[in-house]
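# Examining the three-dimensional arrangement
In case you want the letters, here they are:
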Amino acid sequence: MYHQRQTGSGKQATLESRGMANIKVGIIGTGSMANTHARRYREMRGVDLRSCYDTDTKRASAFALQHKIEHVAASLEEVIEVCDATSVVTPDAFHAPLSLRILEAGKHLLCEKPLATTLKDARRVARRAIQAAQQHGTIHMINLSYRDSSAVQEAMKIAARGELGEIRHVHGHYLQSWLTGTTSWGYWQDPNWLWRLQTAQGSTGVLGDLGCHLLDLVTAVAGDVATVESRLTTFPKIDRKGRQRTALGTARLDANDTAAIQLKFANGAVGVCHATRWATGHMNSIFLAVHGTEGALRIDLDQGKDKLQLCRGRNKAMGRWSTRTIRTTPSIYQRFIRSIKTRRQDHPDVPRGAQIQALLDACQRSSQKNGKTTRVGRWM
Ligand SMILES: NC(=O)c1ccc[n+]([C@@H]2O[C@H](COP(=O)([O-])OP(=O)(O)OC[C@H]3O[C@@H](n4cnc5c(N)ncnc54)[C@H](O)[C@@H]3O)[C@@H](O)[C@H]2O)c1
């Protein structure tokens, strides 16, 4: 058994094989999002937040102190050695290589989004995840965190049951404003934001950062996409003195910050999605609407993760909407740990991350050809 192999024989192994012993978790990358991982793991029973690692050792030590983590590792290998499961929370460029190593070691993986920066790498990680699951019973998930919304979970079920009829039209947006300098998120020249503006730092821009979530939600509810027409734009950034900047020293600020995408779904529906970091007035707004022949649904996460708007039945003829409050569903962190305990893989898994990467890749290729209709490639 996987856990017995990890921990040797005896009482401990027996407890672990029944899923009763603490699951030892490590965190790679101890920047801003890692705090959410640490807090969520800490809230859960049966989880021992054991180790952390960051290339910035000072940051790792401060993080360990803040979250009461006893082991500050000197390398990824050390985390792998002492933990059963690992969160990868580094900048995007490191997701694929770190995930591959963790999966190779047969350890459970929760990787931040996007899964990789190229489709080729995403496919490699997905293949390795499937192999690791077969060989070691490894659980692998990707932190498409807005799936935590109970309204999204309910919307997926409603659409899957065919209650919207044939889906014809979809629209969605993900809007932030931190490039306008008016938000409490922090200034774009801060290190935790700056890497997101540079392709040299492995950023795929707003497409990989926000588009990744948006395209996951849209396709989770409305189905797979066959082709896209996409335009990605990079505006000059405005510094504190009001000057327009396309570079900061030697760093080119070349990652896209605005995306406008048209979608043609495999089921024939059409859709429009857009994302930007220049949306004055929006801190972190995600909106999704799916219209079918029998009904429609809307989710506006600014109104709450649990609010699902529906127009169907008698309301349909009047164009009236009702709002349902959907009971909270488990977070991805909870589902990850539950999956390790029950040995049952949950969603969104690593292959889902690769599927979304295929969409991101098609959007990038389309944009390079001035918005030409582009087929979404294979993700396996
Ligand atoms: N799922 C979500 O809702 C969500 C939200 C925010 C961020 N994220 C994702 O989380 C990731 C991290 O974002 P962040 O805002 O925490 O960034 P950040 O810049 O604040 O932190 C990244 C940390 O990783 C460290 N690091 C860099 N390379 C490393 C390596 N090779 N090994 C170990 N550590 C390394 C850096 O020193 C830094 O401390 C990104 O991929 C981002 O897309 C996801």
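First, a word on scope: everything that follows refers to the structure included in this document. (Residues numbered from 1 in each chain as written. Predicted model: local features only at pLDDT ≥ 70, side-chain atom pairs only at ≥ 80, totals over all residues. Heavy atoms only, no water.)

### Structural notes on the pattern of salt bridges
Going through the model one piece at a time under the given rule, you end up with 25 salt bridges. K237 serves as the salt-bridge partner of D257, at 2.7 Å between the closest nitrogen and oxygen. Pair noted here: D257 is in the loop between β12 (251-252) and β13 (258-265) and K237 is in strand β9 (residues 237-238), with a separation of 20 residues, a long-range link. Look at D257 and you get buried, because its relative accessible area is 0%. Among the ionic pairs, D361 bridges to R365, the shortest N-O distance being 2.9 Å. Highlighted residues: D361 and R365, both in helix α13 (residues 350-368), separated by 4 residues, approximately one helical turn. (Salt bridge = Lys/Arg side-chain N within 4 Å of Asp/Glu carboxyl O. Helix = DSSP H or I, 4+ residues; strand = E, 2+ residues; numbered from the N terminus. Buried < 20%, exposed > 50% of the residue type's maximum accessible area, 1.4 Å probe, protein only.)

### Focus on the layout of surface pockets
Over the atoms a probe the size of a water molecule is rolled, and this reveals where empty space is left. Here the largest pocket defines a volume of roughly 1,300 Å³. In terms of lining residues, the largest pocket is bounded by 45 residues, among which S32, M33, V89, W195 and R196 are the most central. Of all elements in the fold, only α3 (32-43), α6 (95-104), β7 (167-176), α9 (191-194) and α10 (205-222) reach the threshold of two or more residues within the lining of the largest pocket. Take the lining of the largest pocket: its biggest share by element is 5 residues, from α3. Of the residues that constitute the lining of the largest pocket, the class distribution is 18 nonpolar, 15 polar and 12 charged. Both domains that furnish three or more residues to the lining of the largest pocket are identified here as domain 1 (2-145) and domain 2 (148-375). (1 Å grid on protein atoms, 1.4 Å probe; cavity = no way out; pocket = protein on both sides within 12 Å on 5 of 7 lines; lining within 4 Å. Points joined across faces, edges and corners; volume = space filled by probe spheres on them. Nonpolar A, V, L, I, M, F, W, Y, C, P; charged D, E, K, R; others polar. Domains from an automatic or database assignment.)

### Focus on the site of the ligand
Taken together, 26 residues lie around the ligand, and M33, D54, R59, D92 and S145 are the ones closest in. A distance of 3.0 Å separates an oxygen atom of the ligand from a polar atom in the backbone of S32. One nitrogen or oxygen atom from the side chain of K113 is found 3.1 Å from an oxygen atom belonging to the ligand. Notes on the ligand: free accessible area 850 Å², of which the protein chains cover 88%. Applying the majority rule of atoms within 2 Å of the grid points places the ligand in the largest pocket. When residues of the shell around the ligand are traced back to their parent elements, those giving at least two are α3 and α10. Looking at side-chain class alone, the shell around the ligand contains 7 nonpolar, 11 polar and 8 charged residues. The residues that make up the shell around the ligand include at least three from each of domain 1 (2-145) and domain 2 (148-375). (Near = heavy atom within 4 Å. Polar contact = N/O pair within 3.5 Å; in protein donor to acceptor, adjacent residues only side chain to side chain. Areas by Shrake-Rupley, 256 points an atom, 1.4 Å probe, with all protein chains shown as cover. Sits in = over half its atoms within 2 Å of the grid points.)

### Considering the sheet that holds strand β3 (residues 71-72)
Spatially, β3-β2-β1-β4-β5-β6 is the arrangement adopted by the 6 strands of the open sheet, whose pairing is parallel. At either end of the open sheet lies a strand with only one pairing partner, and these are β3 and β6 (140-142). Across 4 bridges, strand β1 (residues 23-28) lies against strand β4 (residues 85-88) in parallel orientation. Opposite I27, over in β4, you have S87 as the bridge partner. (Pairing = 2+ DSSP bridges.)

### A word on the environment of E154
Within the secondary structure, E154 is located in helix α8 (residues 150-160). Judged by relative accessible area, which is 13%, E154 ranks as buried. Along the chain, E154 and S99 lie 55 residues apart, while their C-alpha atoms are 30 Å from each other. Not counting chain neighbours up to four residues away, the residues in contact with E154 comprise R161, L308, R324 and I326. (Contact = heavy atoms within 4.5 Å.)

### Brief notes about the packing of aromatic side chains
Overall, the coordinates contain 5 aromatic pairs when judged by the stated rule. Seen in terms of ring centroids, Y41 and Y333 are 6.0 Å apart; in terms of plane orientation they differ by 90 degrees. Their pairing is edge-to-face. With Y41 in helix α3 and Y333 in helix α12 (residues 332-342), this residue pair connects regions lying 292 residues apart in the sequence. One exposure class covers both Y41 and Y333, and it is buried. Seen from their ring centres, F235 and W278 are 6.1 Å apart, and the 75 degrees between their planes marks the pair as edge-to-face. Remark: W278 occurs in the loop between β14 (270-276) and β15 (284-292) and F235 occurs in the loop between β8 (225-233) and β9; sequence separation between them is 43 residues. Across from the ring centre of Y187, 3.6 Å away, lies the NZ or CZ of R240, which sits over that ring. A cation over an aromatic ring shows up here: R298 above the ring of W321, its NZ or CZ 3.7 Å from the ring centre. (Phe/Tyr/Trp six-rings, centres within 6.5 Å; stacked < 30°, edge-to-face > 60°. Lys NZ or Arg CZ within 6 Å of the ring centre and 35° of its normal.)

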